[in-house]
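So the chains spell out like this:
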Amino acid sequence: MFFFLAGGLGQQVRQVLKSGAGKCIRCGSEADLVDYDKVLKLFFVPVWRWPGKDPALHCTECDLFFPQSLSPPISLARCRFCDRVVQPEFRFCPNCGSSL
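Residues numbered from 1 in each chain as written. Predicted model: local features only at pLDDT ≥ 70, side-chain atom pairs only at ≥ 80, totals over all residues. Heavy atoms only, no water.

Novice: Just to check I follow, could you spell out the overall build of the protein for this structure?
Specialist: A tally of helices and strands in the protein yields zero helices and seven strands. Going from N to C terminus, the protein has its helices and strands arranged as β-β-β-β-β-β-β. Rg of the C-alpha trace for the protein: 20 Å, well past the compact-globule value of 13 Å for 100 residues, more than 25% over. Counting only C-alpha atoms, the protein reaches 75 × 25 × 20 Å along its principal axes. A separation threshold of at least 6 residues defines the contact pool for the protein, and within that pool the share at least 24 residues apart is 43%. Separation between the mean location of the 12 positive side-chain charges and that of the 9 negative ones in the protein comes to 3 Å. (Helix = DSSP H or I, 4+ residues; strand = E, 2+ residues; numbered from the N terminus. Rg over C-alpha atoms; globule rule 2.2 N^0.38 Å. Contact = heavy atoms within 4.5 Å. Lys, Arg positive; Asp, Glu negative; His and termini not counted. Charge placed at Lys NZ, Arg CZ, Asp CG, Glu CD.)

Spelled out as structure tokens, the structure:
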């Protein structure tokens, strides 16, 4: 007699706590701080769920869950003329118009 079992253990987002809280360690896009559930699936049907221990960061682009301690810090750029905080990818300051 031969039995075939298809199942696995995965993670699913339960609630987004903070959007854009960090950067993904795999693809570099923004990652959200989430509460998540661990899910046991048999034949691709969720059978059992239990909550994850600590909030984790979740990348929506590559669907990776990882702890906050592994996220690279988000650097804040400042304009050298008006000294206001700007996003790092900006080439010009939106406040005074000077080149960054």
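Moving on, there is more to tell.
Novice: Which parts of the structure should I look at to understand the nonpolar core?
Specialist: What tends to happen in soluble globular proteins is that the nonpolar side chains get buried as a cluster. With seven residues, the main nonpolar core is built from C24, A31, L33, L57, C59, L64 and F66. The set of elements that each furnish at least two residues to this core consists of β2 (30-42) and β4 (56-59). Beyond its immediate chain neighbours, meaning those up to four positions away, A31 contacts G20, A21, G22, K23, C24, L57, H58, C59 and F66. (Core = buried A, V, L, I, M, F, W, Y, C linked by side-chain atoms within 4.5 Å. Buried < 20%, exposed > 50% of the residue type's maximum accessible area, 1.4 Å probe, protein only.)

Novice: Looking at this model, I keep getting lost on the side chain of H58. Mind explaining?
Specialist: Position of H58 relative to the elements: it lies in strand β4. Note on H58: relative accessible area 9%, which makes it buried. Within the structure, the side chain of H58 is placed 2.8 Å from the side chain of D63, a separation counted as a polar contact. Non-local contacts of H58, meaning those with residues more than four positions away in its chain, are made with V13, A31, D32, V34, D63, L64 and F65. (Polar contact = N/O pair within 3.5 Å; in protein donor to acceptor, adjacent residues only side chain to side chain.)

Novice: For this particular structure, what's the right way to read a nonpolar patch on the surface?
Specialist: On the surface, F4, L5, L9, L40, L42, F43, V47, W48 and W50 cluster together to form a nonpolar patch covering roughly 970 Å² of accessible area. Contributions of two or more residues to the nonpolar patch are made by β2 and β3 (45-51). If you tally residues by element for the nonpolar patch, the top one is β3, at three residues. Considering the arrangement of structural elements, one finds L5 in the segment before β1 (7-23). Residue class for L5 comes out exposed when judged on its relative accessible area of 64%. (Patch = residues over 30% accessible without salt bridge, like charges linked within 9 Å, V, L, I, M, F, W, Y side chains within 5 Å. Areas by Shrake-Rupley, 256 points an atom, 1.4 Å probe, with all protein chains shown as cover. Salt bridge = Lys/Arg side-chain N within 4 Å of Asp/Glu carboxyl O.)

It is worth stressing that arrangement in space is one thing and function is another; only the former is reported here.
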